[in-house]
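Coordinate analysis (summary)
This is what each chain is made of:
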Amino acid sequence: MILAFDGSTIDGSTYRYVTGLAKSSPTWLDSPVSLWSTYGLGLFGVLMLLTWWQARRESPRAALAALAVPVVVLLAYGIDLGLKLLVREDRPCRSLRVATLEACPAQGDWSFPSNHAAIAAAAAVALFFVSRRVGAVAVVAAGAMAASRVWVGVHYPHDVAAGVLVGSLVAMAASSLLRALPDVSGHPLAASRLGVLLIAPRLAKSG
């Protein structure tokens, strides 16, 4: 197991600059940024649901690809969590002892890489391969999520950059699998009770 390294030597000055901006920014900005940083991942769940709902109207294959997106996200999260437990980097708010918008996580809640950034990036990239329109929205949201984690003071910039890299690489690797998903239009599953997951009921009746 790797002992915790001092992330402040990488971009501690940049972290101090960003948290300084957050501290001097208008107070009305604090709540929305903090809320987004904490609960913004819920938006990606909504986008996944929306993408699946639309994909059912296209083809069972597209719906199957949409259903695979959460699996890709969970895989990215697992890999990111493994790296976090291996590296064991202290949170910057704990190492540098600066005032932050969000309460500093407890000792042992490691910083590198950012789980939030990895989940958001994986969701955005995977969604982009299914729906470019929804994926474009998710990409912007993922960037905002990564930036907010530094802004509220719980991550160094390199934490979120690494999280974005992990999530993106996992999703890109899985994209080949998404593209290779078979056409299940004639599969018994599509005609079963679970077929509602793959094709809209109205389309199923017309077919």
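Given the structure is predicted, the values throughout are model-derived calculations rather than measurements.

Cut-offs used in this document
Residues numbered from 1 in each chain as written. Predicted model: local features only at pLDDT ≥ 70, side-chain atom pairs only at ≥ 80, totals over all residues. Heavy atoms only, no water. Helix = DSSP H or I, 4+ residues; strand = E, 2+ residues; numbered from the N terminus. Expected span 1.5 Å × (residues − 1). Buried < 20%, exposed > 50% of the residue type's maximum accessible area, 1.4 Å probe, protein only. Arc of directions from axis to C-beta. Contact = heavy atoms within 4.5 Å. Axes fitted to C-alpha atoms, helices over the stretch in contact; angles between N-to-C directions. Parallel < 35°, antiparallel > 145°, perpendicular 65-115°, else oblique. Nonpolar A, V, L, I, M, F, W, Y, C, P; charged D, E, K, R; others polar. Polar contact = N/O pair within 3.5 Å; in protein donor to acceptor, adjacent residues only side chain to side chain. Disulfide = S-S within 2.5 Å.

With that out of the way, let us pick up helix H3 (residues 41–55). Between its first and last C-alpha, H3 extends 21 Å over 15 residues, near the 21 Å set by a 1.5 Å rise per residue. Of all the residues in H3, the buried ones are Phe-44, Leu-47, Met-48, Thr-51, Trp-52 and Ala-55. Axial view of H3: buried residues confined to an arc of 135°, hence all on one face. Residues of H3 that are exposed and point over 90 degrees away from its buried face: Val-46 and Leu-49. For H3, the secondary structure elements touched by its buried residues are helix H4 (60–87), helix H6 (115–130) and helix H7 (132–151).

Between H3 and H7, the shortest axis-to-axis distance is 11 Å and the interhelical angle comes to 170°. With respect to H7, the axis of H3 lies roughly antiparallel. Each of Leu-41, Leu-43, Phe-44, Leu-47, Thr-51 and Gln-54 in H3 lies in contact with H7, whose residues at this interface are Val-134, Val-137, Ala-138, Ala-141, Ala-142 and Met-145. Among the residues forming the contact of H3 with H7, the class breakdown is 10 nonpolar, two polar and no charged.

With that settled, consider the environment of Gln-107. Among the secondary structure elements, Gln-107 is positioned in the loop between helix H5 (92–95) and H6. Note: C-alpha distance between Gln-107 and Arg-91 (16 residues apart in sequence) is 8.2 Å. Once residues lying within four places of it in the same chain are set aside, the contact partners of Gln-107 are Asp-90 and Arg-94. Only 3.2 Å separates the side chain of Gln-107 from the side chain of Asp-90, close enough to count as a polar contact.

A complete count under the given rule lists one disulfide for this structure. One disulfide in the model links Cys-93 with Cys-104; its S-S distance is 2.2 Å. Because the torsion about its S-S bond is 80°, the bridge between Cys-93 and Cys-104 counts as right-handed. Taken together, the positions of Cys-93 in helix H5 and Cys-104 in the loop between H5 and H6 put the pair 11 residues apart, joining distant regions of the chain. Overall, the relative accessible area of 7% leaves Cys-93 in the buried class. A residue is classified by how much of its surface remains accessible, and Cys-104, at 29% relative accessible area, is partly exposed.

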